[in-house]
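Breakdown of the fold
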Amino acid sequence: MADTVVTLIGREKLAKARAGVAALPPITKIAFGTGGVDGSNIPIVHSNLVTGLTTEVLRKDVTIANPVATTNRYSGSLGKTELTDAEISEIGLFDAEDDLIAIRTFTKKKKDLGIEMIFEMDDAF
């Protein structure tokens, strides 16, 4: 079971942009982490006050697609030699101002050498 949270700062930025008070900074990075579960491999449920991953191990440029007009799909991949043997259990989306906008936790996914892994998060309106 996965848990996804849009952070308070992400919601505040969206509200300000819709009111015309401030521009909405784009999502630019995806972060990968190993601290998204408790000792029983159950995903941690974060409050919307979270500001970072529990244990971030890598941050990369995000790829953005629009599978339908009302959805942005953010994705990031771990290459065949990246983070070998790491147990990924959290990802986060960061904007151009380096603020965490959304975080997802899930059970551990072990990264094997020679295997590419792709992680996605949808923003549906």
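Our subject is the structure that appears above.
From a predicted model like this one, the values you see are computed outputs, not experimental measurements. (Residues numbered from 1 in each chain as written. Predicted model: local features only at pLDDT ≥ 70, side-chain atom pairs only at ≥ 80, totals over all residues. Heavy atoms only, no water.)

1. Quick word on the environment of Ala23
- Inspection of the secondary structure puts Ala23 in the loop between helix 1 (8–18) and strand 2 (27–33).
- Along the primary structure Ala23 and Lys13 are separated by ten residues, whereas in three dimensions their C-alpha atoms are 8.1 Å apart. (Helix = DSSP H or I, 4+ residues; strand = E, 2+ residues; numbered from the N terminus.)

2. Side note on the packing of aromatic side chains
- Tallied over the full model, the rule gives two aromatic pairs.
- Look at Phe32 and Phe119: their rings are 5.6 Å apart centre to centre, the planes differ by 65°, and that puts the pair in the edge-to-face class. Residue Phe32 is located in strand 2, and its partner Phe119 is located in strand 8 (residues 117–124); the two are separated by 87 residues in the primary sequence. For the residue pair Phe32 and Phe119, the accessibility class agrees, reading buried in each case.
- Ring centres 5.8 Å apart and planes at 25° place the aromatic pair Phe106 and Phe119 in the stacked group. Linking Phe106 in strand 7 (residues 100–110) with Phe119 in strand 8, this pair joins segments that are 13 residues apart in sequence. Summarising the burial analysis for this pair, Phe106 and Phe119 share the class buried.
- Put simply, the rings of Phe32, Phe106 and Phe119 touch in pairs and so form one group of aromatic residues. (Phe/Tyr/Trp six-rings, centres within 6.5 Å; stacked < 30°, edge-to-face > 60°. Buried < 20%, exposed > 50% of the residue type's maximum accessible area, 1.4 Å probe, protein only.)

3. Remarks on the pattern of salt bridges
- Following the criterion strictly, the structure yields eleven salt bridges and no others.
- In this structure, the salt-bridge partner of Asp95 is Lys13, at a minimum N-O distance of 2.6 Å. With Asp95 in strand 6 (residues 87–95) and Lys13 in helix 1, this residue pair connects regions lying 82 residues apart in the sequence.
- Here Lys13 falls in the buried class, since its relative accessible area comes to 12%.
- Of the charged contacts in the structure, one is a salt bridge between Asp99 and Lys13, with a shortest N-O distance of 2.5 Å. Note that Asp99 is positioned in the loop between strand 6 and strand 7 and Lys13 in helix 1, a separation of 86 residues in sequence.
- Residue class for Asp99 comes out partly exposed when judged on its relative accessible area of 21%.
- Connected through shared salt-bridge partners, Lys13, Asp95, Glu97 and Asp99 make up one network. (Salt bridge = Lys/Arg side-chain N within 4 Å of Asp/Glu carboxyl O.)

4. Thoughts on the nonpolar core
- Core analysis: the biggest nonpolar cluster contains 16 residues, and Phe32, Ile88, Ile91, Leu93 and Phe119 have the highest contact counts within it.
- Listed by contribution, the elements that provide at least two residues to this core are strand 2, strand 5 (71–78), strand 6, strand 7 and strand 8.
- Within the second largest apolar cluster, seven residues are counted, among which are Ala31, Leu53, Phe94 and Ile103. (Core = buried A, V, L, I, M, F, W, Y, C linked by side-chain atoms within 4.5 Å.)

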